[in-house]
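Architecture and fold: a report
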Amino acid sequence: MRVGFVGWRGMVGSVLRARMTEEGDWSAIDPVFFSTSQVGAPAPEVGRPCPPLADAHDLDALAQLPVLVSCQGSDWTRQVHGPLRARGWRGHFIDASSALRLKDDAVLLLDPINGPAIDAALDAGTLDLVGANCTVSLMLMAVGGLFARGWVSWVSAMTYQAASGAGAAQMRELVAQMRDLGEAAAPLLDDPAADALAIEGRVSARLRDPRHPTAALGHPLAGSLLPWIDAPMADGQSREEWKAMAEGNKLLGLNPPVPMDGLCVRTGSLRCHAQGLTLGLNRDLPLDVLEAAIADSTPWTRVIPNQPEPSLRQLSPAAVSGSLDIAVGRIRKLKTDPRHLGAFTVGDQLLWGAAEPLRRALQILRKRGLGA
Ligand code: HSE
């Protein structure tokens, strides 16, 4: 299968290449790597000979390929996708960005949850295959089993989103902020007699110091949090919050739509998004039945017992980072109503939230003999 890769050098693209190497995917793929800035430079090492980097703005070169995979971002997609289609290119376009997500003729990619819908779309000739928003994908990987049974009336997701979702520079800056705060506190930390409030005073002063690094994130994140993600929308929602209902319902093919809303917050984890979920169910079911339905969401969904030690050990970004596991725990009936279910979930934003659905889309196309 001949595949063009654009945006393979960034964080999502790097995770995608690493996963393809881990799974031995390159043996069945003849890649052409594109670049917006280093045309003619050697391609990355994938264990097979590849031509030098092609020009990611050269429509003739792009149109020669039956499959394109982009982790480049919405701007590039908006620049090239329309012109490629306008000149009659009928290849499959697999995109990580949000640019095409809500187009009627684009299918969202999360095959453990919507595999039949992806198959039906490909049968019908759909050519644009788009990864969904990471928060939406991770939520559905966690509790898709409840939606599949038709038990969910509404859901509210309160998110704790990793710096990686904002970008590589932001993730790097989070660690630089941690170092800067650590350095500000170091003399007192090293003095066993120094009290905690004195240390806090140093750190809080540094958070507000103009020398504290905030060029990428805009504000302190380490030692703080950012209660707004992406652009403002109508009714006080942020765009990240708006995506839950728009993309969640599209991905699940729900009509009438299930209301989904919550507050999205950036926290100081590196690459795992966590979400505190409240699910409004349309019936009062025993907890063990609900837990079994959640565990059945996907083969990667892991139910963590609602006890302190397993929750603290297994249900955190520290535990889940770098793994395909989707941890779901703190599952309990809330006191507000017997049909209100609480749960907490953690998933790697760069894996199931971004790269893995794209990798699996290539496998789906390959199994169908497409892209030859
Ligand atoms: N919008 C997400 C975030 C990134 O800001 O965390 C991936 O969809």
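Please refer to the structure placed before this passage.
Residues numbered from 1 in each chain as written. Predicted model: local features only at pLDDT ≥ 70, side-chain atom pairs only at ≥ 80, totals over all residues. Heavy atoms only, no water.

Focus: the overall build of the protein chain
A count of helices and strands for the protein chain gives 12 helices and 13 strands. Over its C-alpha trace the protein chain gives a radius of gyration of 22 Å, about what one expects of a compact globule, namely 21 Å for 372 residues. Counting only C-alpha atoms, the protein chain reaches 70 × 55 × 40 Å along its principal axes. Burial analysis of the protein chain (372 residues in total) assigns 52% to the buried set. Carbon and sulfur atoms form 54% of the exposed surface of the protein chain, whose accessible area is close to 16,400 Å². (Helix = DSSP H or I, 4+ residues; strand = E, 2+ residues; numbered from the N terminus. Rg over C-alpha atoms; globule rule 2.2 N^0.38 Å. Buried < 20%, exposed > 50% of the residue type's maximum accessible area, 1.4 Å probe, protein only. Areas by Shrake-Rupley, 256 points an atom, 1.4 Å probe, with all protein chains shown as cover.)

What to know about the sheet that holds strand β2 (residues 30-35)
Taken in spatial order, the 7 strands of this open sheet run β3-β2-β1-β4-β5-β7-β6, and their pairing is parallel. Taken across any chain shown, the strands that pair with only one partner, and hence form the sheet edges, are β3 (54-55) and β6 (106-109). When β2 meets β3, the two strands line up parallel, connected through 2 bridges. Directly across from S35, in β3, lies its bridge partner D55. (Pairing = 2+ DSSP bridges.)

A closer look at the pattern of salt bridges
All chains considered together, the criterion is met by 24 salt bridges. As a salt-bridge pair, D180 and R206 come within 2.7 Å of each other at their nearest N and O atoms. Here R206 lies in helix α7 (residues 196-207) and D180 lies in helix α6 (residues 168-189), a separation of 26 residues in the sequence. Here R302 ties to D325 by a salt bridge, and the two come within 3.4 Å at their closest N and O atoms. Placement of R302 in strand β11 (residues 301-303) and of D325 in the loop between α11 (317-320) and β12 (326-333) is noted, with a sequence separation of 23 residues between them. By relative accessible area, R302 is classed as partly exposed at 35%. Judged by relative accessible area, which is 29%, D325 ranks as partly exposed. Taken together, the shared-partner salt bridges connect R19, E22, E23, D25, E356 and R359 into one network. (Salt bridge = Lys/Arg side-chain N within 4 Å of Asp/Glu carboxyl O.)

A few points about the state of the cysteines
Taken as a whole and judged by the stated rule, the model has 0 disulfides. The thiol sulfur of C71 is not disulfide-bonded, and the nearest other cysteine sulfur, from C134, lies at 13 Å. On the basis of relative accessible area, C71 is assigned to the buried category, the value being 17%. Counting only cysteine sulfurs, C134 is the nearest neighbor of C264, a cysteine outside any disulfide, at a range of 9.1 Å. Residue classification places C264 among the buried residues on the basis of a relative accessible area of 5%. (Disulfide = S-S within 2.5 Å.)

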